[in-house]
Each structure stands twice: as structure tokens, then as C-alpha cells.
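Here's the letter readout for the chains.
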Amino acid sequence: MEWTLAYTIWSCISLGVVLLLIREIFLVSDKKQLPPGPPGWPVIGNLLDLGGALHLSLASLSKKYGPVIWLRFGAVNTMVVSSADAAMELFKNHDLTFADRKTNEAMRLNGLYQGSISLSEYGPYWSMLRRICLTELFSSKRITDTETLRANCIEKLKKWICEEGQKKGAVEIARFAALGNFNVILNAALSKDNFLDPQSNEGTEFFRSVSRVEELVGMPNVADFFPFLQWLDPQGVKKKVERALEHPLNIATGFVKERIEWKKGHLTSRKDFLDVMLEFQGKNGEPTKISEKNISILIMELFIASTDTTSNTIEWAMAELLRNPNIMRNVQDELDQVVGQNRKVEESDIGKLHYLQAVVKETLRLHPPAPFLVPRRARENTIFMGYSIPKETQVLVNVWAIARDPVSWDDPMSFKPERFLNSSVDFKGQHFQFLPFGGGRRICAGILLAERILHLVLGSLIHSFDWSLEDGITPETMDMSESFGIALRRTHPLRAILKERRCR
Ligand code: HEM
């Protein structure tokens, strides 16, 4: 029996390898038109060219081979875009061709990608989800209508941070920012108040699971490179992702079920995002209904997409400000001038806080939470910048490398918010040297909300508290190392000491 299983496995693997070799031989004739790239080995392709941190290894390959390079990870053809010009060409002239997502095994688990906006294929289901999100959750009007809810969440956040500072001396900024941001989206989408607080085990478990999911989804998985191994799941990634997803998905499913029950006994004219999703009736070829499972997946996705990106950015911004005390002072001076001593930072102040805006941009330039945009996939054979790109090619846009490219930026490695003062460059997808939210049709759907959250949270933390580093750490000795996953996090969470400045 054991022998038969081993024999079957080896037969499948050998057959897969042979098929890959045949495919390569047939592709040789086309190779002349592909973008340049390192040669690669038979079957495994360029897997050995990849270091631990993909954004770094692909940036260094691009320095050698150019802004558009070609790699093969096992069976996965990959084009990597690493310059502003190439990104402009992609988003301006080829956006539709590359509008599909390339999903991996972990993302395809349990139909996850079918219910999600960020992972679903470009098509009617994606457009419908995106339209509902943009009109019911992320439009300027909706965002303005929910301003008070965010203000309450920020007040709670400041209170928690203050209590933690008094209890423990130093505060782990990202943990609190993530809790606050989770509650913001919960409030906006589901009209629920402060579900997570620092004492709740739910919170700790939620963020632990989300980090684990991100780690697993970003981890190289041989089953992605050699599809004939998918059934075997040799690294056990599917099982691990399934386990890690259980908690966040249970939270989302719990909310959806609770609302379905509630609606049975209540009629209400005020509908929030969840009501709209549950009552949705498609027209003109759209699905007639969105299933309960897909609504839960979408809610979970919104929690994940919003909390980690924003809390990461706030943590990096605070780290840069603590490393550059003169820049911190400039932000505080501006807040004192615009907001003054006797009231709190409000969203209506953001337009006048030019220096704070520049700090947020500079943070997103040097530390984009997603170093690569969510991978795209070619929907058809196409000619891109003179190269023949086959259908199904995975497209990686290295926004981390583009935002540090000396061709586009002076002194690119330094944190200098001043570069954005008196400059029209912003992150809305039209300035291709700066794409932390992506571009084209699949640009971040939550960009307007993210913009508000980032300025409001960062502005409030700096307006209300004086911040300093823990004993023994100086701006010169601060650890600024980053760990690569699908999100670029600080290797060591930032801890900082705070002192209250004024009324919270
Ligand atoms: C600092 C904050 C954030 C950053 C830097 C960020 C970045 C990104 C990036 C790079 C993408 C992929 C874009 C592309 O492929 O071109 C994306 C997609 C997405 N983001 Fe964000 N994001 C942030 C916050 C948020 C928030 C607050 C939400 C919602 C609550 C959100 C929801 C989404 C969704 C739904 C997508 C999928 C869009 C699609 O595929 O159509 N993001 N985001």
C-alpha cells in the first residue's frame, strides 16, 4: 500500500517535470521577444535567484536587467515592473489586459478568492462588489457621514494608549493603531461600536491570525510553482492557512449571522453596508444575490485590508518621526498653529495640515505597506513595451523599488517630507513614481478612507502626546529593519514613551 502511494507520487512528479521540460523546449522559439532577465535553470527557472526579501532581490535584478524583467518561478511566468515609466505604460495603456489577479494556492482556499474584491478575477462579480463598496462605504459622502464615528474611535484609542503608557511606561504603537483602525471599519461597515479593546482576547487572537495568514500567503510555496504538486500540498500551506483563517472568518461570519437574525424581527429604514449587501438584488446580468459566505469573506477582507496597512503606516511614520526629532517638532508646530491648544484634531483640519500630509506621503514612499501591488495576471497575449507577454503571465509591480529609484527621486533613501511640499505628486495612481495604493482599475478601493484615517490618527497622536524613545535607544541606534511578507512590517515592533500634552 505504502509502496503504491510512493510510486503514484513519484510518477506524478516525474510526469510533471517532463511536461514542464517539454513546455520549456516549445517556449524557446518565443524567448527572443520576452523581456530580459537572468537565464534560469531547467524546470525550476529562476527560483534560485530569489533571496529572502523578494522586493530587494527583484530590485537588484532590475538594476542589472532593466525596468521590465522576465523570470520563471517553476511553471509561473513572471514579468516584474520596476520603474515609473514602465508602471505608466502598464496603467495607462495596458490596464485592462493586466486587470486580473494572479492568485496562489493559499488564496484559492475554500473559494476565498471568489468572494473577495482584491483577489477576484476582473469581471461582473468584481465590478459589482467594487461598485457597492465604492458607493456604500468609500464614497466621499459616506466617509464624511461617518466622521463622528471615527472621532469616537480615535478618542478611545488615545485613552487606551494613555492608560497603557501609565501602566507599562512604553506603548506598542502598531498594536493600538490596529485595534483603533479595526473598530473604525467595523463602525463604518457594520455600525458596531468598539468591538475590540486592548483587554479583549478577540483582538489579540484576530491580529495574530491575520499576521499568520499574511505570512503564509506571502511565503514561497512549491505547489504554486509546480501546479502538478497542488494536490499534495507538500508544505502543508493549505492546512495552515485554513487554521489561521478560522478565527477572522468566524468573527465576520458571526456578525453576518447576528444581523440576519436581527433583521427577522426588526424593520429599519437606515441601512448600513452590511444591510445593503444582504438585501442586494442584481440587475443586468449581475448575480441575483450575494451569498452569506461571500459576504462574510468580504467583511473579513475589509478588516484585514484596512487594519494592517494603516497601522503599519502609522508605526513607520512614528518611527521616522522619532528618528528625526526636528521633523516631529515641525509636525507638532503645525498642529499647534492649525488646531491650537483647546480642541481636538478634526478631519476638516487635514486640508490645512500640509506638513503632516507630506509626512504621510514620505512614509508611504519609503515604507509602502505592500511592497508589490497585489499580483496581476495577463488576460491575453499582449505586446508590452515591445516585448511579447503571454496570456496568464504573473505581473509584479515593485512599488517599493519605484519609490526609491534615483531616476525619479533626489536622495531617495532619506526621509524628507519637504520633497512633497509645493509638489503636486500624490498617491492617487496618476504619479507613477509613487504608487503605494496601486493604480488603474484595481487601485485600492479604500484609498479615501485610508487617507482620512492615516492623517487623523497620526495627527491626533502627535497633537495629544509628546513622544520619546525607550531608555537606551537613540535616533541613531533605532532598529529600522523590515521583514518581508505580503506586507512590509517592522522586524521589531516600535515601542515609544508618551507624555500627555493637552486635553484628550
Ligand atoms: C495605508 C493604507 C492602505 C494602503 C497603502 C493600501 C494599498 C493597497 C494596494 C497596493 C492595493 C492593490 C492595488 C493594485 O493592485 O493596484 C489595495 C487594494 C485594495 N485595498 Fe487597500 N490599502 C490601504 C488601506 C485600505 C483600506 C482602509 C481599505 C478598506 C477598508 C482597503 C481596501 C482595499 C481593497 C478592497 C482592495 C482591492 C481592490 C481591487 O482589487 O479592486 N485598503 N490596497
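Residues numbered from 1 in each chain as written. Predicted model: local features only at pLDDT ≥ 70, side-chain atom pairs only at ≥ 80, totals over all residues. Heavy atoms only, no water.

For the protein, the name recorded in an unreviewed UniProt entry is Cytochrome P450, with Aquilegia coerulea as its organism. Recorded in UniProt for the protein, the comment headed Cofactor (unreviewed entry) runs: "heme". (UniProt positions renumbered as here; feature names shortened; annotations may be inferred.)

This part is about the side chain of Gln 332. Looking at where Gln 332 falls in the secondary structure, it is placed in helix 14 (residues 325-338). For Gln 332, a relative accessible area of 11% puts it in the buried group. A distance of 3.3 Å separates a polar side-chain atom of Gln 332 from the backbone oxygen of Phe 465. Beyond its immediate stretch of four places on either side in the chain, Gln 332 contacts Ile 462, Phe 465, Asp 466 and Arg 501. (Helix = DSSP H or I, 4+ residues; strand = E, 2+ residues; numbered from the N terminus. Buried < 20%, exposed > 50% of the residue type's maximum accessible area, 1.4 Å probe, protein only. Polar contact = N/O pair within 3.5 Å; in protein donor to acceptor, adjacent residues only side chain to side chain. Contact = heavy atoms within 4.5 Å.)

With that settled, consider the site of the ligand. Near the ligand you find 27 residues, and of these Arg 101, Trp 126, Arg 130, Arg 376 and Cys 444 are the closest. Between the ligand and the protein, one listed contact pairs an oxygen atom with a side-chain N or O atom of Arg 101 at 2.8 Å. In the environment of the ligand, an oxygen atom lies 3.1 Å from a nitrogen or oxygen atom belonging to the side chain of Arg 442. For the shell around the ligand, the secondary-structure elements that each account for two or more residues are helix 5 (124-136), helix 13 (292-323) and helix 17 (447-464). Among the elements that make up the shell around the ligand, the one with the highest residue count is helix 13 (5 residues). The residue inventory of the shell around the ligand, partitioned by class, reads 15 nonpolar, 8 polar and 4 charged. (Near = heavy atom within 4 Å. Nonpolar A, V, L, I, M, F, W, Y, C, P; charged D, E, K, R; others polar.)

It is worth spelling out the sheet that holds strand 12 (residues 495-500) at this point. Strand order in the open sheet formed by 3 strands is 4-12-9, and the pairing between neighbours is antiparallel. Edge positions in the sheet fall to strand 4 (170-172) and strand 9 (465-469), since each has one partner strand and no second. Neighbour-to-neighbour, the strand axes of this sheet turn through a mean angle of 45 degrees, independent of strand direction. Pairing of strand 4 with strand 12 involves 3 bridges; the strand directions are antiparallel. Within strand 12, the position partnered with Glu 172 by the bridge is Arg 495. Helix 17 contacts strand 9 and strand 12 of the sheet and is inclined by roughly 90 degrees relative to strand 9. (Pairing = 2+ DSSP bridges. Axes fitted to C-alpha atoms, helices over the stretch in contact; angles between N-to-C directions.)

Attention now moves to the coordination of the iron atom of the ligand. Donor atoms from the protein around the iron atom of the ligand number only one, Cys 444 (SG), found at 2.3 Å. In this structure, Cys 444 sits in the loop between helix 16 (399-402) and helix 17. (Donors = N, O, S within 2.8 Å, 3.2 Å for Na, K, Ca; no water.)

Right, let's get into the sheet that holds strand 8 (residues 394-397). Pairing is mixed in the open sheet, where 5 strands are placed in the order 1-2-8-5-3. The sheet is open, and its two edges are formed by strand 1 (68-73) and strand 3 (100-101), each paired on a single side. Pairing between strand 3 and strand 5 (residues 376-377): 2 bridges, direction antiparallel. Bridge pairing in strand 5 links Asp 100 to Arg 377. Along the sheet face, helix 3 (residues 84-93) touches strand 1, strand 2 (76-81), strand 5 and strand 8 and points at about 115 degrees away from the line of strand 2.

With that settled, consider the environment of Pro 375. Looking at the secondary structure, you find Pro 375 in the loop between helix 15 (354-366) and strand 5. On the basis of relative accessible area, Pro 375 is assigned to the buried category, the value being 17%. Residues Pro 375 and Val 397 lie 22 residues apart in sequence; the distance between their C-alpha atoms is 7.5 Å. Among all residues touching Pro 375, those that are not within four sequence positions of it are Asp 100, Arg 101, Lys 102, Gln 394, Val 395 and Leu 396.

The two faces of strand 8 match: Gln 394 and Leu 396 on one face and Val 395 and Val 397 on the other face are all buried. Pairing between strand 2 and strand 8: 4 bridges, direction parallel. For Val 80, the partnering residue across the bridge sits in strand 8 and is Leu 396. Sheet topology places strand 5 next to strand 8; 2 bridges connect them, and they run antiparallel. Residue pairing for strand 8: Arg 377 is matched across the bridge by Gln 394.

For the rest of this paragraph, the subject is the pattern of salt bridges. This model, assessed by the stated rule, comprises 39 salt bridges. When the shortest N-O distance is used, the salt bridge between Glu 292 and Lys 257 registers 2.5 Å. Pair noted here: Glu 292 is in helix 13 and Lys 257 is in helix 11 (residues 237-265), with a separation of 35 residues, a long-range link. Of the residues examined, Glu 292 reaches a relative accessible area of 32% and is grouped as partly exposed. (Salt bridge = Lys/Arg side-chain N within 4 Å of Asp/Glu carboxyl O.)

It is the contact of helix 9 (residues 201-218) with helix 13, at a shortest axis distance of 11 Å, that shows an interaxial angle of 90 degrees. Relative to helix 13, the element helix 9 is oriented roughly perpendicular. Of the residues in helix 13, those in contact with Phe 206, Phe 207, Val 210 and Glu 214 of helix 9 are Phe 303, Ile 304, Thr 307 and Asp 308. In the contact of helix 9 with helix 13, the residues fall into 5 nonpolar, 1 polar and 2 charged. (Parallel < 35°, antiparallel > 145°, perpendicular 65-115°, else oblique.)

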